[in-house]
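If you want the building blocks of each chain, they are given just below.
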Amino acid sequence: MRVLGLVPYVAPGAALHYPDAKQVFAVCARSSKMNQPQPDPEPRAKSETGSTPLPPWAAGSARDAAVPAPAKSPTGEGAAQRPAGADAQAGMKTMPRLDSGSIFTVPPGQDGAPAAPRPNGDATRKPPYAAATVSAVPDIRPLPSMAKGASNPAAAAAAAMAPPPNRANTGRLSFSMLTGVQPEHLQTGYLDPFDVWFPEPRNIAETGINQGLITDLVIKAMYFRSYMSGNDIGTELRLPFYGVLDHILSLMKREQLCEVSGTSGLGEASYQYILTIKGMERAHQVLARSSYVGSCPVPLAKYVEMVKMQGAHKATVFRDTVEAALRGMVVSEDLRDAVGAAVNAGKSLFLFGAPGNGKTMLAERIAAMLGGHIAVPYALEADGQIIQLLDLSSHRPVVPHGASETDTVKAELADHRWVRVHRPVVMVGGELSMSSLDLIYNEISGFYEAPFQLKANGGLFLIDDFGRQQVSPQQLLNRWIVPLEKAIDFLTLKTGKKLQIPFDLFLVFSTNLNPEDLVDDAFLRRIQNKLSVPDPTAQQFLDIFVSQCMNMGVPFDQNGFNYLVKKHYIETGRPFRASHPRDLLRQMIGIARYKNVAPEMSPALLDAACRTFFVNTRIVR
């Protein structure tokens, strides 16, 4: 918030009086400057009405994929990779096109290899956020403006001056009661909603965690690192020293669990603390129960509240957002429109079709369509138990440009127990089991690991190769009936207590098996969107082959392509697959290296690649 400088008026012979905080807020509220729009160096994302800026996790769908709109994909069916904007490059030849008379001939004058930029991810698949552009500084957007009938700015300022509420039971309080700031106060754009929604705790009560659990975490941290300063302990537990840890350490000193052994600077936070013999004995007892060391957890009630709050502000996916997310893929217009509608329509999608046509890649790109950022805690506390939640294999922190994405410290919020991340993407395949869908308790470490669906909250959960898991499809489908209908999931602690968790994610099933053999009508009714990903057309297969040649550095040869299609597809009756160009070129490059010759689309190399790639006795030799 911008604070206006106030110069006190001094009457002759009068004493100098400075205004207190309430007077400052009152003057700011009366000032028209507080509500005047400030120039924005970048255009802000707009809501559907085009008048209200969206919150950071809603307005980011188009911003995270802030790339030029690609050229329209060629007509046809299927999904695979192709270069974006190839036809728009100045001085480049037009992409080869098949004429209507033959599947392996092109119009005269187009037999050369057209130049085009490399697509995003071919030889090595890139993650679902490959199309996104990370800005140097995370772009933050305010919450939606006050709804009709909300309080005016003067009333908002009066509410801001009101004393904060009682925070004795922070786990049950609402956001406005916790922070003292109403959501409509953020309409001016001066505040980062993430910082307001996740303020730094000022005392032990505001952490939502009981004093005993914090004390145990301090003892375990000091046990493993011996000498630690107050600042070091705060960094380890991600809690402020003054107001929280200073009280914990004072209590530990009174109980003779630790003592001050020196100092590394000025102030109490620089004191060096070490465990006493009594403290070492206490550490052994604490470690016997749980060896968790690290960030202080967040109460489950606060996490549930934040998931619901962030899930209520999702952006609408428009056509340009879908095109940006699918850039580099050859997708028919019908399939592209169906995917965009599916993301807007509901929370589940069933993809089916032959293997190798881009179902997995298509599901990954959906995460880029969701866009935006969410906040995820390092760990949760429920019924005295700790659940480790943040997983860098699924959560990608929003860090400044040039910083490592594994450096979560640069993505932490004002409450350092929370990390700002891109919408998570969790992918599982044939290794999925029923036990991995519940809380995973480690008997040795003494704490839990969050299941896949809990890590995917706020993002996308992809069950790939559906029907090939270690459990039957019926068991797996029955597991999702209640979450899909009620938007809640139930997890079980080792004590038998059930925890109710929000199920706020986009669930995608992908299979190359016949759907009728896997699911029944009762389950299909709960999956709102069912999409078939068919084989690519002849023209799409040509486009894919050209783009893969350019991506792998192999000169495209029209005659070689005609030879391949005629001999190994038409004469054998083999259908086109979107992954074949990439896989065949990899085989051909490997054979060329072995023979110490240049990789080229010669009949000899193409035949050798097909013999080692296809398992089919119908291949003509």
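This is a predicted model, so every value here is computed, not measured.

Along the backbone of the protein there are 22 helices and 19 strands. Out of the 621 residues in the protein, the part that is buried amounts to 51%. Partitioning the intrachain contacts of the protein with sequence separation of at least 6 by distance along the chain shows that 75% fall at a separation of at least 24.

Okay, the confidence of the model for the protein next. Any segment with low pLDDT has predicted coordinates that should not be analysed in fine detail. Residues at a pLDDT of 70 or more form 68% of the protein, whose mean pLDDT is 75. Overall, residues 1-19 carries pLDDT values under 50, and its contacts beyond four positions in sequence, including any with other chains, amount to 18 contacts. Contacts from residues 184-188, a stretch scored under 50 in pLDDT, to residues over four places away or in other chains number 16 contacts.

Backbone geometry places Gln256, a non-glycine residue, at a positive phi of 60°. With respect to the helices and strands, Gln256 occurs in the loop between α9 (241-254) and β3 (258-263). Within the chain, Asp465 stands out as a residue other than glycine whose phi angle is a positive 50°. Within the secondary structure, Asp465 is located in the loop between β15 (460-463) and α16 (473-478). According to the relative accessible area criterion, Asp465 is partly exposed, its value standing at 31%.

Before going further, it helps to examine the pairing of strand β7 (residues 348-352). Extensive coverage of β7 is indicated by the burial of four of its five residues. In terms of strand pairing, β7 meets strand β19 (residues 529-532) through four bridges, oriented parallel. Bridging from a neighbouring strand, Leu351 pairs with Leu531 of β19.

Attention now moves to the pairing of strand β11 (residues 418-422). Along β11, five of the five residues are buried, which leaves the element largely enclosed by surrounding structure. Residues Trp418, Arg420 and His422 line one face of β11 and the alternating positions Val419 and Val421 line the opposite face, and both faces are buried. Of the strand pairs in this sheet, strand β8 (residues 373-377) and β11 are connected by five bridges, and their pairing is antiparallel. Looking across to β11, one finds that Pro377 is bridged to Trp418.

Right, let's get into the sheet that holds strand β5 (residues 298-299). If you walk across this open sheet you meet the five strands as β5-β9-β10-β14-β13, and the pairing is mixed. At either end of the open sheet lies a strand with only one pairing partner, and these are β5 and β13 (440-441). Bridging between strand β10 (residues 385-388) and strand β14 (residues 448-449) involves two bridges; their strand directions are parallel. Each residue of the ladder has a partner; that of Gln388, found in β14, is Glu449.

Before going further, it helps to examine the environment of Thr235. Position of Thr235 relative to the elements: it lies in helix α8 (residues 230-237). Looking at Thr235, the relative accessible area reads 58%, which means it is exposed. Expressed as a C-alpha distance, the spacing of Thr235 and Gly294, which sit 59 residues apart in the sequence, is 9.2 Å.

This part is about the nonpolar core. Phe198, Leu300, Tyr303, Ile387, Trp418, Leu454 and Leu499 are the most contacted members of the largest nonpolar core, which has 34 residues in total. For this core, the secondary structure elements donating two or more residues are α5 (193-197), α11 (300-311), β8, β9 (379-382), β11 and β17 (498-502). Contacts of Trp418, omitting those with residues within four sequence positions, involve Phe198, Val298, Lys302, Tyr303, Met306, Ala375, Val376, Pro377, Ala411, Glu412 and Leu413. Counting 30 residues, the second-largest nonpolar core is a separate cluster that includes Leu249, Met252, Cys258 and Ile386.

Quick look at helix α19 (residues 538-552) now. With 15 residues, α19 ought to run about 21 Å at 1.5 Å a step, and its terminal C-alpha atoms sit 21 Å apart, in line with that. Here α19 lies mainly inside the structure; 14 of its 15 residues are buried. One or two residues past the end of α19 sits Gly553, with phi positive at roughly 75°.

With that settled, the discussion passes to the sheet that holds β7. Ordered by their spatial adjacency, five strands build an open sheet running β12-β15-β18-β7-β19, and the pairing between neighbours is parallel. Each end of this open sheet is capped by a strand with a single partner; those strands are β12 (425-428) and β19. Sheet twist, expressed as the mean angle between neighbouring strand axes with direction ignored, is 15°. Here β7 pairs with strand β18 (residues 506-511) via five bridges, running parallel. The residue bridging Leu351 from the neighbouring strand is Ser510, located in β18.

Relative to the helices and strands, Pro581 resides in helix α21 (residues 580-595). When residues no more than four places from it in sequence are discounted, the contact partners of Pro581 are Phe541, Ile544, Phe545 and Gln548.

Three or more residues of α8 are buried, namely Gly230, Ile233, Gly234 and Leu237. Projection of α8 onto a plane perpendicular to its axis shows the buried side chains occupying an angular sector of 100°, all on one side. On its buried face, α8 is in contact with α7 (211-225), β2 (228-229), α9 and β4 (271-275). Immediately downstream of α8, the backbone of Arg238 shows phi near 55°, a positive value.

A few words now on the packing of aromatic side chains. Within the structure shown, the criterion is met by 22 aromatic pairs. Geometrically, the ring pair formed by Phe541 and Phe561 is tilted, given 6.1 Å between the ring centres and 35° between the ring planes. Residue Phe541 is found in helix α19, and its partner Phe561 is found in helix α20 (residues 558-570); the two are separated by 20 residues along the sequence. Here Phe541 and Phe561 have matching classes, each one buried. Among the aromatic residues, those joined into a ring-pair cluster are Phe541, Phe545, Phe556, Phe561, Tyr569, Phe576, Phe613 and Phe614. Here the basic side chain of Arg238 rests over the ring of Tyr378, its NZ or CZ set 4.0 Å away from the ring centre. Above the ring of Phe614, the side-chain terminus of Arg574 is found at 3.7 Å from the ring centroid.

The tally for this structure, following the rule as stated, stands at 18 salt bridges. A salt bridge links Arg282 to Asp216, with the shortest nitrogen-to-oxygen separation between them at 3.5 Å. Here Arg282 is found in helix α10 (residues 277-289), whereas its partner Asp216 is found in helix α7, with 66 residues between them in sequence. Notably, a salt bridge pairs Lys497 with Asp383, separated by 3.7 Å at the nearest N-O pair. Separated by 114 residues along the polypeptide, Lys497 in the loop between β16 (488-492) and β17 and Asp383 in the loop between β9 and β10 bring together distant segments of the chain. Among the residues examined, Lys497 registers a relative accessible area of 40% and is labelled partly exposed. For Asp383, a relative accessible area of 45% gives the class partly exposed.

Moving on to the packing of α20 against helix α22 (residues 603-613). In contact at an axis separation of 10 Å, α20 and α22 are set at 40° when each is read in the N-to-C sense. The pairing of α20 with α22 is recorded here as oblique in orientation. The crossing of α20 and α22 is right-handed. Contacts between α20 and α22 involve Gly560, Tyr563, Leu564, Lys567 and His568 on the former and, on the latter, Pro603, Leu606, Asp607 and Cys610. Here the contact of α20 with α22 is composed, by residue class, of five nonpolar, two polar and two charged.

Criteria and thresholds
- Residues numbered from 1 in each chain as written.
- Predicted model: local features only at pLDDT ≥ 70, side-chain atom pairs only at ≥ 80, totals over all residues.
- Heavy atoms only, no water.
- Helix = DSSP H or I, 4+ residues; strand = E, 2+ residues; numbered from the N terminus.
- Buried < 20%, exposed > 50% of the residue type's maximum accessible area, 1.4 Å probe, protein only.
- Contact = heavy atoms within 4.5 Å.
- pLDDT = per-residue confidence, 0-100.
- Pairing = 2+ DSSP bridges.
- Core = buried A, V, L, I, M, F, W, Y, C linked by side-chain atoms within 4.5 Å.
- Expected span 1.5 Å × (residues − 1).
- Axes fitted to C-alpha atoms, helices over the stretch in contact; angles between N-to-C directions.
- Arc of directions from axis to C-beta.
- Phe/Tyr/Trp six-rings, centres within 6.5 Å; stacked < 30°, edge-to-face > 60°.
- Lys NZ or Arg CZ within 6 Å of the ring centre and 35° of its normal.
- Salt bridge = Lys/Arg side-chain N within 4 Å of Asp/Glu carboxyl O.
- Parallel < 35°, antiparallel > 145°, perpendicular 65-115°, else oblique.
- Left-handed = near helix turned anticlockwise from the far one by under 90°.
- Nonpolar A, V, L, I, M, F, W, Y, C, P; charged D, E, K, R; others polar.

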